[in-house]
Amino acid sequence: MWNELRSAGVIAALALCAGARAEDARRSGFDDMGPGTQAMQREDSSNPGMLSALEGESLWSAPAGPAQTSCASCHGEASASMKGVAARYPAFDTASQRPLDLAGRISQCRDQRQQAGPLPRESRELVALTTYVGLQSRGQPIAPPEDARLTPFRDAGKALYSQRMGQLNFSCAQCHDENAGGHLGAALIPQAHPTGYPLYRLEWQATGSLQRRLRNCMIGTRAEPFTYGGLEYIELELFLMQRAAGMAIETPAVRP
Amino acid sequence: MARALINVPAKAKRGEIIEIKTLMAHPMETGFRTGVDGKLVPRDIITQFVCTYNGEVVFSAELFPAITANPFLAFTTIATESGALVFSWTDNHGQTQVQTAPIHVE
């Protein structure tokens, strides 16, 4: 009797999950790319983003700075200590009183804790370390922190998302909300969920960050890109991660 | 040179056709592009890839400037004996990187 009740409960819960999935109209860029590119991402030995993750893995335990400490000296095994971390970023940094993205946190840690100087944005080392840390959260749902101090920044990101900019006078929302699923030339317009960053773009022939991708879009609308590491990018990332909350992390993803 | 990802089945049956996949981290700089200073970026490409199976060449390829960065090569061979697959990539400066993957044939 009890068992029957319990299995009925399980079935009801399963039906609820299926219902929730059917209602979720959000699509990762993965769902809409070609089968060849999907296969490339699915298998680690053919995913070129894994080359970056491998480099990050060796950097994780490479000593740096005057005390010759590595990430591993404090954080130990990344597979344990960094699990789920990428799903929670950007987070609020109390010391600087502003939100920090994952790359910013890594660079800050390197500068202030290891005292080895910050890693430049979009440098191979920083992208590699971010990819390696991001990989530890692969498959986990994006879970933006419920931190009230982040709210004003997230709202600013939301405003930026629908603000027209550049000579073409486009906002992010005009393509990625109103025309998602349509085409821009031959390229499909995705819904812009940042599920797989840092990711390997075939167009770049390299692994790059979300900021590089946003910069790419800004150049496309002939707007002047924000500077790397700028607060505007982090505000946008805060909003985009909230918009993609619950979707699975794919780092390192592959995109055309 | 840098790191490579190699996928060889750890076990195979004698006479079975096995697929081998290799992904090499390399910029494959063509030598035709200019840098920010307006000068040509020197060519830096892999020119040759060779795979030997217990000393015998089973696959080799010549690579040229139009090939993508991080070249991915997949090919098949027949599993004959247990032993080692040796992969070597040679660049246009004559430097060679070698990696080995074991295979167990039943």
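All values derive from a computational prediction rather than experimental measurement.

## Thoughts on the nonpolar core
Alright, step 1. B:Val8, B:Ile20, B:Phe49, B:Leu85, B:Phe87, B:Trp89 and B:Ile103 are the most contacted members of the largest nonpolar core, which has 23 residues in total.
Alright, step 2. Element by element, the count of residues in this core is highest for strand S4 (residues 46-53) of chain B, at four residues.
Alright, step 3. Within the second largest apolar cluster, 16 residues are counted, among which are A:Leu102, A:Leu119, A:Leu129 and A:Tyr132.

## Quick look at the sheet that holds strand S2 (residues 11-12) of chain B
Residue and element names in this part refer to chain B.
Alright, step 1. Ordered by their spatial adjacency, five strands build an open sheet running S2-S8-S7-S4-S5, and the pairing between neighbours is mixed. Only two strands of the sheet have a single partner each, and these edge strands are S2 and strand S5 (56-62).
Alright, step 2. Pairing of strand S7 (residues 83-91) with strand S8 (residues 96-105), which is carried by eight bridges, proceeds in the antiparallel orientation. Across the sheet, the residue bridging to Leu-85 is Ala-101, located in S8.

## Concerning helix H4 (residues 49-60) of chain A
Alright, step 1. Between its first and last C-alpha, H4(A) extends 17 Å over twelve residues, near the 16 Å set by a 1.5 Å rise per residue.
Alright, step 2. Taken residue by residue, H4(A) has A:Gly49, A:Met50, A:Leu51, A:Ser52, A:Ala53, A:Glu55, A:Gly56 and A:Trp60 as its buried positions.

## Points about the confidence of the model for chain A
Regions with low pLDDT should not have their predicted coordinates read in detail.
Alright, step 1. Per-residue pLDDT for chain A has a mean of 91; in total, 91% of the residues score no lower than 70.
Alright, step 2. With pLDDT under 50 throughout, residues 1-20 of chain A is counted as low confidence; its partners more than four residues away or in other chains account for zero contacts.

## Some remarks on the interface of chain A and chain B
Alright, step 1. Taken together, the contact pairs 13 residues of chain A with twelve residues of chain B.
Alright, step 2. Taken together, the two surfaces of chain A and chain B that pack against each other cover about 1000 Å², and 59% of this comes from carbon and sulfur.
Alright, step 3. Among the residues of chain A in contact with chain B, A:Ser45, A:Leu51 and A:Gln205 are the three that bury the most area, contributing 51% of the side total.
Alright, step 4. A salt bridge links A:Glu43 to B:Lys21, with the shortest nitrogen-to-oxygen separation between them at 2.9 Å.
Alright, step 5. Put simply, chain A and chain B have seven residue pairs in polar contact (both at pLDDT 80 or more) between them.

## With respect to the sheet that holds strand S6 (residues 72-78) of chain B
Alright, step 1. The three strands lie next to each other as S1-S3-S6 (chain B), forming an open sheet whose pairing is antiparallel. What marks the edges here is a single partner per strand, and that holds for strand S1 (4-7) and S6 of chain B. The average angle at which neighbouring strand axes cross in this sheet is 15°, direction not considered.
Alright, step 2. Pairing between S1(B) and strand S3 (residues 17-24) of chain B: four bridges, direction antiparallel. Residue pairing for S3(B): B:Ala4 is matched across the bridge by B:Met24.
Alright, step 3. Set on the sheet, H4(A) makes contact with S1 and S3 of chain B; between it and S1(B) the angle comes to about 115°.

## Structural notes on the packing of aromatic side chains
Alright, step 1. Under the criterion given, the structure shown has ten aromatic pairs over all chains.
Alright, step 2. With a centroid separation of 6.3 Å and an interplanar angle of 45°, the aromatic rings of A:Phe92 and A:Phe153 are classed as tilted. With A:Phe92 in strand S1 (residues 91-93) and A:Phe153 in helix H9 (residues 151-161), this residue pair connects regions lying 61 residues apart in the sequence.
Alright, step 3. Given the relative accessible area of 10%, A:Phe92 is considered buried.
Alright, step 4. Judged by relative accessible area, A:Phe153 falls into the buried class, the value being 17%.
Alright, step 5. On the numbers, 4.2 Å between centres and 0° between planes, the contact of B:Phe59 with B:Phe75 is stacked. A residue pair is termed long-range when its members are at least 10 positions apart, and B:Phe59 in strand S5 and B:Phe75 in strand S6 qualify at 16 residues.
Alright, step 6. With a relative accessible area of 6%, B:Phe75 lands in the buried category.

## Digging into the domain arrangement of chain A
Residues and elements named next belong to chain A.
Alright, step 1. Domain boundaries in chain A define domain 1 (37-43 + 147-255) and domain 2 (49-135).
Alright, step 2. Counting from both sides, the interface comprises 21 residues of domain 1 and, opposite them, 22 residues of domain 2.
Alright, step 3. Of the roughly 1900 Å² buried between domain 1 and domain 2, counting both surfaces, carbon and sulfur atoms make up 69%.
Alright, step 4. Contact with domain 2 buries area across many residues of domain 1, yet Arg-149, Ile-234 and Pro-252 alone supply 25% of it, more than any other trio.
Alright, step 5. For the pair domain 1 and domain 2, the interface holds zero salt bridges.
Alright, step 6. For the pair domain 1 and domain 2, the interface holds three residue pairs in polar contact (both at pLDDT 80 or more).
Alright, step 7. Of all the elements in the fold, those that place two or more residues in the side of domain 1 that touches domain 2 are strand S6 (206-208), helix H11 (210-220) and helix H12 (231-243).
Alright, step 8. Among the elements that take part in the side of domain 1 that touches domain 2, H12 stands out by supplying five residues, more than any other.

What counts and how
- Residues numbered from 1 in each chain as written.
- Chains lettered and ligands numbered in written order.
- Predicted model: local features only at pLDDT ≥ 70, side-chain atom pairs only at ≥ 80, totals over all residues.
- Heavy atoms only, no water.
- Core = buried A, V, L, I, M, F, W, Y, C linked by side-chain atoms within 4.5 Å.
- Buried < 20%, exposed > 50% of the residue type's maximum accessible area, 1.4 Å probe, protein only.
- Helix = DSSP H or I, 4+ residues; strand = E, 2+ residues; numbered from the N terminus.
- Pairing = 2+ DSSP bridges.
- Expected span 1.5 Å × (residues − 1).
- pLDDT = per-residue confidence, 0-100.
- Contact = heavy atoms within 4.5 Å.
- Buried area = accessible area lost by both parts, 1.4 Å probe.
- Salt bridge = Lys/Arg side-chain N within 4 Å of Asp/Glu carboxyl O.
- Polar contact = N/O pair within 3.5 Å; in protein donor to acceptor, adjacent residues only side chain to side chain.
- Axes fitted to C-alpha atoms, helices over the stretch in contact; angles between N-to-C directions.
- Phe/Tyr/Trp six-rings, centres within 6.5 Å; stacked < 30°, edge-to-face > 60°.
- Domains from an automatic or database assignment.

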